[in-house]
Amino acid sequence: MKTSDFYFDLPEELIAQFPPENRGTSRLLVLKKNAGSGPATAKAGEIIHTSVQNFPDFIDENTVVVFNNTKVRKARIFGVSDTGGETEFLLLEKLSDYKWKAISSKLKKQKIGKVFSFPANIKCTIIEKDEKEIIVEFNSNVDDAYLEKFGHVPLPPYIKRDDTASDNERYQTIYCEKEKTGSAAAPTAGLHFTEEILDNLKKKGVTIAFITLHVGMGTFKPIHSDKVESHVMHEEIYEISEETAEIINTAKSNGKKILAVGTTSLRTLESAVCNDKVAAGEGKTSLYIYPGYKFKVVDYLFTNFHTPDSTLIVLVSAFAGVSEIKEAYQEAIDKKYRFFSYGDAMLIL
């Protein structure tokens, strides 16, 4: 399968540079891949245009909605080399008090042994490197308190501006767990949800559950190979509680539907299947989903609009159908939907 099959032209003005003024007011494109799901009048292949505020109208009490409750850390920091050049580091995973797995700007030029200086007399040395990432060792414990003071919100590169104080709140879900600070990027589908939307789901009898996947850059990394199947995903850490596993397994055995909010929630659930059940516990996943994959857990998906040639658009194409996603994306472009992290949303039923 060619990677070019998942490319599309997107006018630059449709790439959202800021979130909507009020959370939960984005537009929502509903794609019906199954006849009979959602509103009774909907037909398979139908596209409905609505608002995220109306999301509960498409869900009933026979659905479990699963959210990723990871918290985004201010993982972007800037260091200065001995020669005076500034380099951006994105801290992906803490390996010990002093060591981090990271990626950096000008990665190809970085060398083992190179030293960088940061605020508050912090220094780091590159101690390992491969073609994807580096491992750096700091002279002090770079913890969440340090990053909160000196770090920056890790906005994706297609947002062409510096982070602001408002991003501290808006690039974070309202239900993130404060003690679970592990993500280098937001689970962006969850950014749309408000307390009102969650309350309306509960009033309808919808079951809400949470998993945790600490989002790394592997989720958003473009596919550079000509063939989709040749791409390799980075590993990401996830956790599923006993309570969530029981909720999902009971729901599936009773014929209820599982709706994943975001591709991170979907990949976590699909990664945790053991003996036809979702297993509780911690794990690592590098699951790469592309057309031909047989979904074992997730029936519906709430997600954002994704970048061309990415593993994310490949995943949603596997979920809804390649031609169906192409048609839906083209309609979203024609109707001036806003794309990517701070953009509008899509519900696949």
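The structure presented is a predicted model; accordingly, all values stated were derived computationally and were not measured.

K.L.:
Would you mind going over the overall build of the chain in detail, with residue names and values included?
P.N.:
Tallying secondary structure elements over the chain gives 7 helices and 19 strands in all. Over its C-alpha atoms the chain spans a radius of gyration of 20 Å, differing by no more than 12% from the 20 Å that the globule rule assigns to 349 residues. Taking the principal axes of the C-alpha coordinates as reference, the chain spans close to 65 × 45 × 40 Å. Out of the 349 residues in the chain, the part that is buried amounts to 53%. Taking the intrachain contacts of the chain between residues at least 6 apart in sequence as the baseline, contacts between residues at least 24 apart amount to 71%. Of the roughly 15800 Å² of accessible surface on the chain, 47% is carried by carbon and sulfur atoms. Averaging the positions of the 44 positive and the 49 negative side-chain charges in the chain gives two centres separated by 3 Å.

K.L.:
Outline the packing of helix α5 (residues 263-271) against helix α6 (residues 311-320), supporting the account with residue identities and numerical values.
P.N.:
For the pair α5 and α6, the least separation of the axes is 11 Å and the interaxial angle reads 65°. What the angle tells us is that α5 and α6 run roughly perpendicular. Read as a crossing pair, α5 and α6 show a hand that is left-handed. When α5 is examined against α6, the residues Thr263, Leu266 and Arg267 are found in contact with a partner set consisting of Leu312, Leu315 and Phe319. Classifying every residue of the contact of α5 with α6 gives 4 nonpolar, 1 polar and 1 charged.

K.L.:
Just give me the short version of the environment of Val278, but keep the residues and values in it.
P.N.:
One can find Val278 in strand β16 (residues 277-278). Under the relative-accessibility criterion, Val278 is labelled buried at 4%. Note: C-alpha distance between Val278 and Ala245 (33 residues apart in sequence) is 5.6 Å. In contact with Val278, other than residues within four places in its own chain, are Ile240, Ala245, Ile248, Asn249, Leu269, Ala272, Val273 and Val297.

K.L.:
Residue-level account of the pattern of salt bridges, with values.
P.N.:
Evaluation of the coordinates by the stated rule reveals 8 salt bridges. For Asp144, the salt bridge identified is with Arg73, shortest N-O distance 3.7 Å. Taken together, the residues span a long stretch of sequence, with Asp144 in helix α1 (residues 144-150) and Arg73 in the loop between β4 (71-72) and β5 (76-81) at a distance of 71 residues. One salt bridge connects Glu88 with Arg76, and the closest N-O pair in it is separated by 4.0 Å. Of the two residues, Glu88 is situated in strand β6 (residues 86-94) and Arg76 in strand β5; the sequence distance between them amounts to 12 residues. On the basis of relative accessible area, Glu88 is assigned to the partly exposed category, the value being 30%. For Arg76, a relative accessible area of 10% corresponds to the buried category. By sharing partners, the salt bridges in this structure join Arg76, Glu88 and Asp163 into a single network.

K.L.:
Explain the nonpolar core to me, and be specific about the residues and the numbers.
P.N.:
One finds Leu29, Tyr171, Ile325, Tyr329, Phe339 and Met346 to be the most contacted residues of the largest nonpolar core, which totals 63 residues. If you tally residues by element for this core, the top one is α6, at 7 residues. Not counting the four nearest positions on each side in its chain, Leu29 is found in contact with Ile47, Ile48, His49, Phe305, Ala328, Ala332, Tyr337, Ala345, Met346 and Leu347. With 24 residues, the next largest nonpolar core counts Val52, Tyr175, Ala189 and Tyr300 among its residues.

K.L.:
Tell me about the pairing of strand β3 (residues 63-68), and please be specific about residues and values.
P.N.:
Burial analysis of β3 places 6 of its 6 residues in the buried class, the great majority of the element. Along β3, one buried face is formed by Thr63, Val65 and Phe67 and the opposite face, lined by Val64, Val66 and Asn68, is buried too. As judged from the 4 bridges shared by β3 and strand β14 (residues 257-261), these two strands associate in the parallel manner. Across the sheet, the residue bridging to Val65 is Leu259, located in β14. Inspection of the sheet shows β3 paired to strand β12 (residues 207-213) by 5 bridges, in the parallel sense. Opposite Val65, over in β12, you have Ile208 as the bridge partner.

K.L.:
Can you explain helix α4 (residues 242-253)? Please cite residues and give values.
P.N.:
Taking 1.5 Å of rise per residue, 12 residues should cover 16 Å, and α4 covers 16 Å from first to last C-alpha, within 8% of that figure. Along α4, the residues classified as buried are Thr244, Ala245, Ile248, Asn249 and Ala251. Projected down its long axis, α4 carries its buried residues within an arc of 160°, all on one side. Residues of α4 that are exposed and angled more than 90 degrees away from the buried face: Glu242, Glu243, Glu246 and Ser253. In the core, the buried residues of α4 are packed alongside β3, β12, β13 (236-240), β14, α5 and β16. One or two steps after α4, the chain reaches Gly255, where phi turns positive at roughly 80°.

K.L.:
Run through the sheet that holds strand β7 (residues 99-104), naming residues and quoting values.
P.N.:
Taken together, the 6 strands give a closed barrel; going around it, the order is β5-β6-β7-β10-β9-β8, and neighbouring strands pair in antiparallel fashion. Neighbour to neighbour, the strand axes of the sheet diverge by 45° on average, direction disregarded. As paired strands, β5 and strand β8 (residues 115-118) are joined by 2 bridges and run antiparallel to one another. Residue pairing for β8: Val80 is matched across the bridge by Ser117.

Cut-offs applied
- Residues numbered from 1 in each chain as written.
- Predicted model: local features only at pLDDT ≥ 70, side-chain atom pairs only at ≥ 80, totals over all residues.
- Heavy atoms only, no water.
- Helix = DSSP H or I, 4+ residues; strand = E, 2+ residues; numbered from the N terminus.
- Rg over C-alpha atoms; globule rule 2.2 N^0.38 Å.
- Buried < 20%, exposed > 50% of the residue type's maximum accessible area, 1.4 Å probe, protein only.
- Contact = heavy atoms within 4.5 Å.
- Areas by Shrake-Rupley, 256 points an atom, 1.4 Å probe, with all protein chains shown as cover.
- Lys, Arg positive; Asp, Glu negative; His and termini not counted.
- Charge placed at Lys NZ, Arg CZ, Asp CG, Glu CD.
- Axes fitted to C-alpha atoms, helices over the stretch in contact; angles between N-to-C directions.
- Parallel < 35°, antiparallel > 145°, perpendicular 65-115°, else oblique.
- Left-handed = near helix turned anticlockwise from the far one by under 90°.
- Nonpolar A, V, L, I, M, F, W, Y, C, P; charged D, E, K, R; others polar.
- Salt bridge = Lys/Arg side-chain N within 4 Å of Asp/Glu carboxyl O.
- Core = buried A, V, L, I, M, F, W, Y, C linked by side-chain atoms within 4.5 Å.
- Pairing = 2+ DSSP bridges.
- Expected span 1.5 Å × (residues − 1).
- Arc of directions from axis to C-beta.

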